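Coordinate inspection notes
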Amino acid sequence: QQQVKQSPQSLIVQKGGISIINCAYENTAFDYFPWYQQFPGKGPALLIAIRPDVSEKKEGRFTISFNKSAKQFSLHIMDSQPGDSATYFCAASLTDSWGKLQFGAGTQVVVTP
Amino acid sequence: DTGVSQDPRHKITKRGQNVTFRCDPISEHNRLYWYRQTLGQGPEFLTYFQNEAQLEKSRLLSDRFSAERPKGSFSTLEIQRTEQGDSAMYLCASSPDRGRHSPLHFGNGTRLTVT
């Protein structure tokens, strides 16, 4: 049973465009929501994370929007660049087991020149 | 390079053989995690250590799997009597224990292919 559902499975965006990836979760006890970026042949790397007490967090071109009542959160990549082409995973965890991340299935993002 | 190191990067083995993977975490990170990632999926938690103590194991970790972290430094993950369904990327991650939600630092994984 997948506790974090991610969509879309893949997306293609032109350079300079906005990439939007959505995630939904079931367990209301989750209190940490990170996004990881993974390039082929590499391990996932933390991109940005949010706690449920804030509705938005921005770091450079990456923004997380969080909707606690809808149990949804999303990643927006502004001004997408070819170097952003990667697979992105949303995840969630509980306070008492914060290293035990429940990952979504991933979104493969391709940014065309 | 002071990141998480995993060895080997690739392992091809025949069904029924035993394999062992090694992970060297970032020094002074006392938490170490093992995850498994199959093609087209996100990583799945297998087990984690705080120092040398194995504190949690997923039900994904069958009796054929065993992990150790002697002296709280490097860790090994052994799979006995491998099956084709064990083919996956095995990822190791480490984190400091500086309170809730210290970020996990992943290695580049060991890709296992069972023929």
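Above this note sits the structure.
An account of the accompanying structure is given in this report.

Thresholds, definitions, all that
- Residue numbering note: each chain is counted from 1, following its sequence as written.
- Labels are handed out in written order, letters beginning with A for the chains and numbers beginning with 1 for the ligands.
- Predicted model: local features are reported for residues with pLDDT of at least 70 only, side-chain atom pairs are reported and counted for 80 or more only, and whole-chain, interface and lining totals are derived from all residues.
- Hydrogen atoms and water are omitted, and side-chain values are computed over all heavy atoms in the structure.
- Definition of nonpolar core: a set of buried residues of the types Ala, Val, Leu, Ile, Met, Phe, Trp, Tyr and Cys, connected through side-chain atoms within 4.5 Å.
- Relative accessibility decides the category of a residue: with a 1.4 Å probe and only protein chains considered, values under 20% of the type maximum give buried, values over 50% give exposed, and everything between is partly exposed.
- We count a stretch as a helix when DSSP gives it H or I for four or more residues in a row; a strand needs E for two or more, and each element gets its number in order from the N terminus.
- Throughout, a residue-residue contact means that at least one pair of heavy atoms, one from each residue, lies within 4.5 Å.
- Strand pairing is assigned whenever DSSP identifies at least 2 bridges connecting the two strands.
- Lines fitted to the C-alpha atoms define the axes, with helices restricted to the stretch that makes contact. Angles between their N-to-C directions range from 0 to 180 degrees.
- Here, patches come from residues exposed beyond 30% relative accessible area and free of salt bridges, joined within 9 Å for like charges and within 5 Å for nonpolar side chains (Val, Leu, Ile, Met, Phe, Trp, Tyr).
- For every accessible area listed, the method is Shrake-Rupley and the probe measures 1.4 Å; residues are considered covered only by the protein chains on display.
- We define a salt bridge as a contact between a side-chain nitrogen of Lys or Arg and a carboxyl oxygen of Asp or Glu at a distance within 4 Å.
- Two parts placed together each lose some accessible area under a 1.4 Å probe, and the buried area is that loss summed for both.
- Whenever a nitrogen or oxygen atom comes within 3.5 Å of another N or O atom, the pair is scored as a polar contact, on the condition that within protein one atom can donate a hydrogen and the other can accept it, and that pairs from neighbouring residues in sequence are kept only if both atoms are in side chains.

Side note on the nonpolar core
Residue and element names in this part refer to chain A.
- Judged by nonpolar contacts, the single largest core of 24 residues is most densely connected at Phe33, Trp35, Phe73, Leu75 and Tyr88.
- Top element by residues in this core is strand β9 (residues 86–94). It accounts for four residues.
- Once you skip the residues sitting within four places of it in the chain, Tyr88 turns out to touch Gln6, Ile21, Tyr36, Gln37, Leu47, Phe62, Leu75, Ile77, Gly106, Thr107 and Val109.

Details of the sheet that holds strand β3 (residues 19–25) of chain A
Residues and elements named next belong to chain A.
- Sheet architecture is open: five strands sit in the order β1-β3-β8-β7-β6, paired in antiparallel fashion. Lying at the two open borders of the sheet, with one neighbouring strand each, are β1 (4–7) and β6 (56–59). The sheet shows a mean angle of 15° between the axes of neighbouring strands, taken without regard to direction.
- In this structure, β6 lies alongside strand β7 (residues 62–67), joined through four bridges in antiparallel fashion.

Remarks on a nonpolar patch on the surface
- Together, A:Ile18, A:Ile20 and A:Met78 give the surface a local cluster of nonpolar side chains, amounting to about 240 Å² of exposed area.
- Relative to the helices and strands, A:Ile18 is located in the loop between β2 (10–14) and β3.

Let's talk about the interface of chain A and chain B
- Chain A puts 22 residues into the contact, and the matching count from chain B is 24 residues.
- Between chain A and chain B, roughly 1,800 Å² of surface is buried when both sides are summed, and carbon and sulfur atoms account for 56% of that area.
- Taken together, the links from chain A to chain B amount to one salt bridge.
- Ionic pairing is found between B:Glu56 and A:Lys100, a salt bridge with its closest N-O pair at 2.7 Å.
- For the interface between chain A and chain B, the tally reads six residue pairs in polar contact (both at pLDDT 80 or more).
- When contributions to the side of chain A that touches chain B are tallied by element, the ones reaching two or more residues are β4 (33–38), β9 and β10 (97–103) of chain A.
- Tallying contributions element by element places β10(A) first for the side of chain A that touches chain B, with six residues.

Everything listed here is a matter of geometry and, on its own, says nothing about what the molecule does.
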